[in-house]
Amino acid sequence: MTTPTPHRTTMHNRSAILAGNWKMNLGRADVRAFAADLSRALAAEPSPAQVALFPAHPFLCTLSDALRGVPVIVGAQDVHAEPEGAHTGDVSASQVLSTGATWTLCGHSERRADHAETDDLVARKARAALEAGLGAMVCLGETLHERESGATEAVLERQLSALLDGVGVDRLDTAVGRWAVAYEPVWAIGTGRTATPQIAQDAHRFLRARLADRLDRGAGAIPLLYGGSAKPENCAELFAETDVDGFLIGGASLDPATFLDMIRRCGGAPKKA
Ligand code: PGA
């Protein structure tokens, strides 16, 4: 069996990044139909934004194959922290890579909650992904209780530091373009309660400053995505904030027309930074 050629591997913050996290939604036929619609639309009018899609594991090959030649990053929603072994039901970074996918999410809040993933484990997964040659989009963000008790910055600091310490700043410095951070306040995910542009910008500015403190270079080049009920009606306003480089989109990414609408609304806007 030959390994499919990965199509696209890097993300930068010079144009919007629109990433769809399909979670445990969409079956094989839906994935194929989505890919056909997206390919057709992007052939007619090329995307001004960088586009990424994170299907469920069983459809990584399907989506990768269907989007061959289309400038869309395909990624997994999770990988195991170990490169191989007795881990029933899990999938390694190199297995993901062999499907043609080139990125993975790490530490989505639903995995932190449903599978008790700790900051340390999330960092180990990001490290495993980078070592195997996958890009890593690391998700972090505070719960409602943490926000209301004034702990937002402390939580973001703890989650980001665990990543920087666990992966190592040297490794991250040399992997610019192959990792990104998604700020996803847990209270905004799937609730319809989007962060205001100011809340998103404050969190992103804080994360950018912490990255600048720790990384030798590249802090300004690390894409910082916002996630949490992002949709066509609010994405342009959020994207206008200096440190919001794009979106990790759940619900609104399941319909190709809605997802394309977001690509068009954000893609043309030049970033201020
Ligand atoms: P949502 O999900 O857009 O449905 O709020 C975002 C995410 O969990 O990545």
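Only a predicted model underlies this, so the values are computations on that prediction, with no experimental measurement involved.

> Which parts of the structure should I look at to understand the site of the ligand?
Close to the ligand lie 13 residues; K23, H108, E184, G190 and S229 are nearest. Note that an oxygen atom of the ligand is positioned 3.4 Å from one of the side-chain N or O atoms of N21. Side-chain polar atom of E184 to an oxygen atom of the ligand: 2.6 Å apart, as the coordinates give it. Look at the ligand: alone it shows 280 Å² of surface, and the protein chains cover 95% of it. Judged by its atoms lying within 2 Å of the grid points, the ligand is housed in the second largest pocket.

> Just checking my understanding: could you explain the pattern of salt bridges for this structure?
Pairs can form between side chains of opposite charge once their charged atoms are near each other. Going through the model one piece at a time under the given rule, you end up with 21 salt bridges. Here E82 and R124 are joined by a salt bridge, their closest N and O atoms 3.2 Å apart. Separated by 42 residues along the polypeptide, E82 in the loop between strand 3 (72-76) and helix 3 (93-97) and R124 in helix 5 (residues 119-132) bring together distant segments of the chain. Among the residues examined, E82 registers a relative accessible area of 33% and is labelled partly exposed.

> Explain the layout of surface pockets to me, please; I cannot follow it from the model alone.
One simple way to see leftover space: roll a probe sized like a water molecule over the atoms. In this structure, the largest pocket spans a volume of roughly 460 Å³. Lining the largest pocket are 17 residues; nearest its centre among them are M24, Q77, D78, R111 and H115. Residue contributions to the lining of the largest pocket peak at three residues, all from helix 4 (residues 109-114). Taken together, the residues of the lining of the largest pocket sort by class into five nonpolar, six polar and six charged. Taken together, 18 residues form the lining of the second largest pocket, with K23, G190, S229, G250 and G251 sitting closest to its centre. Of the residues that constitute the lining of the second largest pocket, the class distribution is seven nonpolar, nine polar and two charged.

> What should I look at first to understand the packing of aromatic side chains in this one?
Two descriptors summarise a pair of aromatic rings, namely the distance from one centre to the other and the angle between the planes of the rings. Inspection of the entire model under this criterion finds four aromatic pairs. Considering the side-chain rings of F34 and F259, the 6.1 Å spacing of their centres and the 50 degrees angle between planes classify their relative orientation as tilted. Linking F34 in helix 1 (residues 28-44) with F259 in helix 11 (residues 256-267), this pair joins segments that are 225 residues apart in sequence. There is no split in this pair, since F34 and F259 are both buried. Consider the rings of Y226 and F247, whose centres lie 6.5 Å apart with planes at 85 degrees: the pair is edge-to-face. Of this pair, Y226 sits in strand 7 (residues 224-227) while F247 is found in strand 8 (residues 246-249), placing the two residues 21 residues apart along the sequence. Residue Y226 shares its accessibility class with F247, and that shared class is buried.

> What is the right way to read the packing of helix 10 (residues 232-239) against helix 11 from this model?
The description of two packed helices rests on the angle between their axes and on the distance between the axes. Relative orientation of the contacting elements helix 10 and helix 11 amounts to 25 degrees, with a least axis distance of 9 Å. The orientation of helix 10 relative to helix 11 falls into the category roughly parallel. Once helix 10 is placed against helix 11, the crossing between them reads as right-handed. Contacts from P232, C235, A236 and F239 in helix 10 reach T258, D261, M262, R265 and C266 in helix 11. For the contact of helix 10 with helix 11, the residue count by class is six nonpolar, one polar and two charged.

> What is the right way to look at the nonpolar core in this model?
For soluble globular proteins, the rule of thumb is that nonpolar side chains tend to be buried together. Core analysis: the biggest nonpolar cluster contains 70 residues, and L18, L53, W179, L211, Y226 and F247 have the highest contact counts within it. At six residues, the largest contribution of residues to this core is made by helix 1. If we skip the residues at most four places from it in the chain, L18 touches A49, Q50, V51, A52, F247, I249, F259, M262, I263 and C266. Listed in part, the 14 residues of the second largest apolar core include A19, L105, C139 and L225.

> Is there a simple way to think about the sheet that holds strand 7 in this case?
In sheet architecture, strand pairing relies on hydrogen bonds along the backbone and comes in two forms, parallel and antiparallel. If you trace the eight strands once around the closed barrel, you get 1-2-3-4-5-6-7-8, paired in parallel fashion. Geometrically, the sheet is characterised by an average inter-axis angle of 25 degrees between neighbouring strands, direction not taken into account. Taken together, the four bridges between strand 4 (residues 103-106) and strand 5 (residues 135-140) define a ladder with parallel strand orientation. Across the sheet, residue C106 finds its bridge partner in strand 5, namely V138.

What counts as what
Residues numbered from 1 in each chain as written. Predicted model: local features only at pLDDT ≥ 70, side-chain atom pairs only at ≥ 80, totals over all residues. Heavy atoms only, no water. Near = heavy atom within 4 Å. Polar contact = N/O pair within 3.5 Å; in protein donor to acceptor, adjacent residues only side chain to side chain. Areas by Shrake-Rupley, 256 points an atom, 1.4 Å probe, with all protein chains shown as cover. 1 Å grid on protein atoms, 1.4 Å probe; cavity = no way out; pocket = protein on both sides within 12 Å on 5 of 7 lines; lining within 4 Å. Sits in = over half its atoms within 2 Å of the grid points. Salt bridge = Lys/Arg side-chain N within 4 Å of Asp/Glu carboxyl O. Helix = DSSP H or I, 4+ residues; strand = E, 2+ residues; numbered from the N terminus. Buried < 20%, exposed > 50% of the residue type's maximum accessible area, 1.4 Å probe, protein only. Points joined across faces, edges and corners; volume = space filled by probe spheres on them. Nonpolar A, V, L, I, M, F, W, Y, C, P; charged D, E, K, R; others polar. Phe/Tyr/Trp six-rings, centres within 6.5 Å; stacked < 30°, edge-to-face > 60°. Axes fitted to C-alpha atoms, helices over the stretch in contact; angles between N-to-C directions. Parallel < 35°, antiparallel > 145°, perpendicular 65-115°, else oblique. Left-handed = near helix turned anticlockwise from the far one by under 90°. Contact = heavy atoms within 4.5 Å. Core = buried A, V, L, I, M, F, W, Y, C linked by side-chain atoms within 4.5 Å. Pairing = 2+ DSSP bridges.

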